[in-house]
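Report on the structure
Spelled out from the first residue to the last, the chains are:
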Amino acid sequence: MSVSTSKTVQETRPAARPTVLSFWRRAPRLRRSAAFWTLVGPLVLGLLVFVYIPILWGLVLSVSRAQSTIFPTAFVGLANYRAMLLDPEFQQSLVTFFIFALFIVPLTFVLALGLALLVNSAHFLRGFFRSVFFLPTAVSYVAASIIWRLSLFNGLPFGLVNMVIGLFGAAPISWLSSPNPPWYWLVLVTVRLWLQLGFYMIIFLAGLQEIPQALYEAAQVDGVSSGWKRFRHITFPLLRNTSIACLILLLIAAFQAFDEFYNIMSGTGIITTRTPLWYLYVVGFNSQDFGRGDAGSFILTAIIVLFTLLQGRLFGFGRSLE
Amino acid sequence: MNVHSKHPDSIFTGISLKRRSRKHLRSHPIQTAFIYIGLTLCALLFLIPFYIIVRNALMTQLEVTSFDWHWWAKEPQWDNLNMLFNDLMAPMGSGLLNSAIIATLTTIGQILFASMAAYALARIPSRWSQPIFFLVLLTMMVPAAVTFIPQYIIVSELGWVSTLQGIIVPQLFSSCGFACFLFRQFYLNFPRDLEDAGRIDGLGYFGIYWRLLLPNSIPILTAVGVISFIGSWNSFLWPLVVGQDPSSWTVQVVLSTFITAQTINIPELFMGVAVAIVPLVILFFFLQRYIVAGVARSGIKG
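Residues numbered from 1 in each chain as written. Chains lettered and ligands numbered in written order. Predicted model: local features only at pLDDT ≥ 70, side-chain atom pairs only at ≥ 80, totals over all residues.

1. A few points about the overall build of chain B
This is how it is decided: The helix count covers DSSP runs of H or I at least four residues long, the strand count covers runs of E at least two residues long, and both are numbered beginning at the N terminus. Counting other C-beta atoms within 10 Å of a residue's C-beta gives its exposure: the residue is buried at 20 or more, exposed at 12 or fewer, and partly exposed in between, where C-beta atoms are placed from the backbone. What counts as a contact is two residues whose backbone-derived C-beta atoms lie within 7 Å of each other.
If you tally the helices and strands in chain B, you get 14 helices and 0 strands. Secondary structure elements of chain B, listed N to C terminal, follow the sequence α-α-α-α-α-α-α-α-α-α-α-α-α-α. A burial count over chain B gives 45% of its 302 residues as buried. Relative to all contacts within chain B whose residues are 6 or more apart in sequence, the contacts with residues 24 or more apart total 78%.

This is the structure we're talking about:
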């Protein structure tokens, strides 16, 4: 290594005793590992204390009774996991997630890809449109929830959407307070669409730029003129890796939904829209049952891992990781 | 000394969002017209919520709740801003300050710790490099939101509930993994000649990190930094859990308490939304290229 042979390296501060200095100079290996640990230390220490220890502690609490305390009071085995899995409210929250994912994942995927194709085929004002679609990424879920809940879909005649459907002679709809028909899904899905479409559009745009232009030229030579055929046989297959990445990111994001559900649905009287994370929040912080809360955390983690692996298997993980 | 182009699009090799010429693929004028009609309609839809914020923020409560739709305030009510900051129930001023402190420190800490570790992992040979890199990668796989109960337990054990460091430190580290991963990739490709030149000029390991690597990785640091700042400013669940005392509420938590208040003053609330969004929109306009480059990269993350 050139590191160990360089003799011109000077210490920035003069050492107290020449013996220590000369030892220090003659020990490049020691100096190297000192530098390594000083640079890596803060991150490693932080990860251990704030990521790994919490997870281990959580594992211990999940097999213990820890009601209103963060210390285990008794070993209960898998009782917390059992209680959580058999808890109808927890099951309900998983159903909520499934319904939500069923809408939000394909819709975001298709619309983001569509927007990316539209923006990509524009020559003029391309940057402007990209910025407009990407701008909502800077808005928080809380702010967007306020706009959706109190102005766009407030269920009163002065809400924008009710005003618009009023122009067509329809009666105002109370979007958030009627469990049947479940109009609140429209509110919850559109708010997230607005917030995240731009993000996925950018990912697709990056993917589109990766496609070699020569392929389209070859298709042109072969007489493939229809845009749909070009998309079907060139663009979409070559977006495979991008698409898999997007699907996984979308599913994980949907699974961790909390902000907009909490801010839009709390106080509306409809409790069937509690997401898994919201229910964990209730168990952990309203009932202060950390044993069950932690058990729930690990069940959710297991489900996410399972989903990711399953998706990887369905679409071929090996190729997505190249 | 700049080895890499300052142009943010090129900071990650292989990804460029710049248009390539497509002259040879003729598109019909009608097709072009449809594309622009589609784009314009979508753009209008996307801008409606922003318009709503400004419209509602400048109206009186009577105007907003009027059953006839008004497109714009008769007389813009700038006084709503005063009302917002003098509201005793919702500490907007301290909320903004808390959010600014939290987002800034989270961003700085994340970039500093991640880039330091990334440099060591990429360039200082050690038999611990592999295991440590694995440790870092593993945290990328752990969904951050799922760890919030275990993390809260540590925070409460440290006595950090309702403190800013209780919000900052765990948030900082749980998303440090991805930053470290990206930086390491970047430093692996850093020209060795430059590093050797620095060493001949008398730089030690820290000198090389501070004087050579950091200045030459400003685009990627900015990309990760802006994304982390936005994420931190907008995060809700973690500040809600840790910030139990109103003095430690962030902007998002303050806004959220408005919704569940007994009586809502809609213009005041939308003024609050505007105030919470403006800093990010400004940041967004100046640094958009960096954000785009960073987000484009996350598709490759998989």
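After that view of the structure, there is still more to cover.
2. Structural notes on the overall build of chain A
In terms of regular secondary structure, chain A is built from 16 helices and 2 strands. Here chain A, with 322 residues, has 39% of them falling under the buried criterion. Of the contacts formed within chain A by residues at least 6 apart in sequence, a portion of 65% connects residues at least 24 apart.

3. With respect to the interface of chain A and chain B
Interface size is often expressed as the accessible area that is lost when the parts come together. On the side of chain B, 90 residues touch chain A, which itself brings 91 residues to the contact. By residue number, the principal contributor to the side of chain A that touches chain B is helix α3 (residues 28-62) of chain A, which donates 18 residues.

4. Brief notes about the nonpolar core
This is how it is decided: To count as a nonpolar core, a set of buried Ala, Val, Leu, Ile, Met, Phe, Trp, Tyr and Cys residues must be joined through C-beta atoms within 7 Å. Residue ranges assigned to the domains are those given by an automatic or database domain assignment.
In terms of nonpolar packing, the biggest core is built from 168 residues, with A:A143, A:M201, A:I202, B:A114, B:A117 and B:V273 touching the most fellow members. Both of domain 1 (2-62) and domain 2 (81-320) of chain A provide at least three residues apiece to this core. Residues in contact with A:I202, not counting those within four places in the same chain, are A:F134, B:V292, B:V295 and B:A296.

5. Points about unusual backbone geometry
One non-glycine residue with positive phi stands out, namely A:Q288, at about 55°. Position of A:Q288 relative to the elements: it lies in the loop between α14 (276-286) and α15 (290-315). A count of 13 C-beta atoms within 10 Å places A:Q288 in the partly exposed class. Phi is positive for B:S162, which is not a glycine, with a value near 65°. Within the secondary structure, B:S162 sits in the loop between α6 (148-157) and α7 (164-174).

6. So, the environment of A:D289
Residues and elements named next belong to chain A. Positionally, D289 belongs in the loop between α14 and α15. Under the C-beta neighbour-count criterion, D289 is labelled buried, with 22 such atoms within 10 Å. Considered as a pair, D289 and P42 are 247 residues apart in the sequence and their alpha carbons are 32 Å apart. For D289, the contacting residues outside a window of four places in its chain are Q67 and V283.

7. Focus: the environment of A:P72
Residues and elements named next belong to chain A. Topologically, P72 is positioned in the loop between β1 (64-65) and β2 (74-75). Once the C-alpha coordinates of P72 and F153 are considered, the two residues, 81 residues apart in sequence, prove to be 45 Å apart. Leaving out residues up to four positions away in the same chain, P72 has contacts with V60, L61, S64 and A66.

8. What about the confidence of the model for chain B?
The predicted coordinates of low-pLDDT regions are not to be read in fine detail. Residues and elements named next belong to chain B. For clarity, the threshold we go by: Confidence scores here are pLDDT values: one per residue, from the predictor, ranging 0 to 100.
Taken over all residues, the pLDDT of chain B has a mean of 83, while the share at 70 or more is 89%. By mean pLDDT, the top-scoring element of chain B is helix α4 (residues 92-123) (92), and the lowest-scoring one is helix α2 (residues 61-64) (82). Scored below 50 in pLDDT, residues 1-16 shows 34 contacts in the model against residues more than four places distant or in partner chains. With pLDDT under 50 throughout, residues 19-24 is counted as low confidence; its partners more than four residues away or in other chains account for 3 contacts. Confidence estimates for the predicted assembly give a pTM of 0.84 and an ipTM of 0.85.

9. So, the packing of helix α6 (residues 126-134) of chain A against helix α1 (residues 29-57) of chain B
Axis angle and axis distance: for two packed helices, these are the angle between their axes and the distance between the axes, and together they describe the pair. As a reminder of what qualifies: Angles here are taken between N-to-C directions and fall from 0 to 180 degrees, while the axes themselves are lines fitted to C-alpha atoms, restricted in helices to the stretch in contact. Here a crossing is taken to be left-handed if its near helix is turned anticlockwise relative to the far helix by less than a right angle, and right-handed if that turn runs clockwise. Asp, Glu, Lys and Arg are counted as charged, while Ala, Val, Leu, Ile, Met, Phe, Trp, Tyr, Cys and Pro are counted as nonpolar; the rest, among them Gly, fall into the polar class.
Axis separation between α6(A) and α1(B) bottoms out at 9 Å; the angle between their running directions is 35°. For α6(A) against α1(B), the interelement crossing comes out left-handed. Listed contacts from α1(B) to A:F129, A:V132 and A:F133 of α6(A) are B:L39, B:A43, B:F46 and B:L47. When grouped by side-chain class, the residues that make up the contact of α6(A) with α1(B) number 7 nonpolar, no polar and no charged.

10. What to know about the confidence of the model for chain A
Residues and elements named next belong to chain A. Taken residue by residue, chain A gives an average pLDDT of 82. The fraction at 70 or more is 89%. The lowest-confidence element of chain A is helix α1 (residues 2-5), averaging 42 in pLDDT; the highest-confidence one is helix α5 (residues 88-120), averaging 92. Note on residues 1-11: pLDDT under 50 across the span, and 14 contacts to partners over four residues away in sequence or across chains. Note on residues 317-322: pLDDT under 50 across the span, and 9 contacts to partners over four residues away in sequence or across chains.

11. Considering helix α9 (residues 184-210) of chain A
Just so we agree on the cut-off: What a helix should span is 1.5 Å times the count of its residues minus one.
In this model, α9(A) (27 residues) spans 39 Å end to end at C-alpha, consistent with the 39 Å of a helix rising 1.5 Å per residue. The element α9(A) is largely enclosed, with a buried count of 19 among its 27 residues.

12. Section: the environment of A:S177
Residues and elements named next belong to chain A. By secondary structure assignment, the location of S177 is in the loop between α8 (160-167) and α9. When the C-alpha atoms of S177 and S287 are compared, they prove to be 26 Å apart, with 110 residues separating the residues in sequence. Ignoring any residue separated from it by four or fewer positions in sequence, one finds S177 in contact with G155, T268 and G269.

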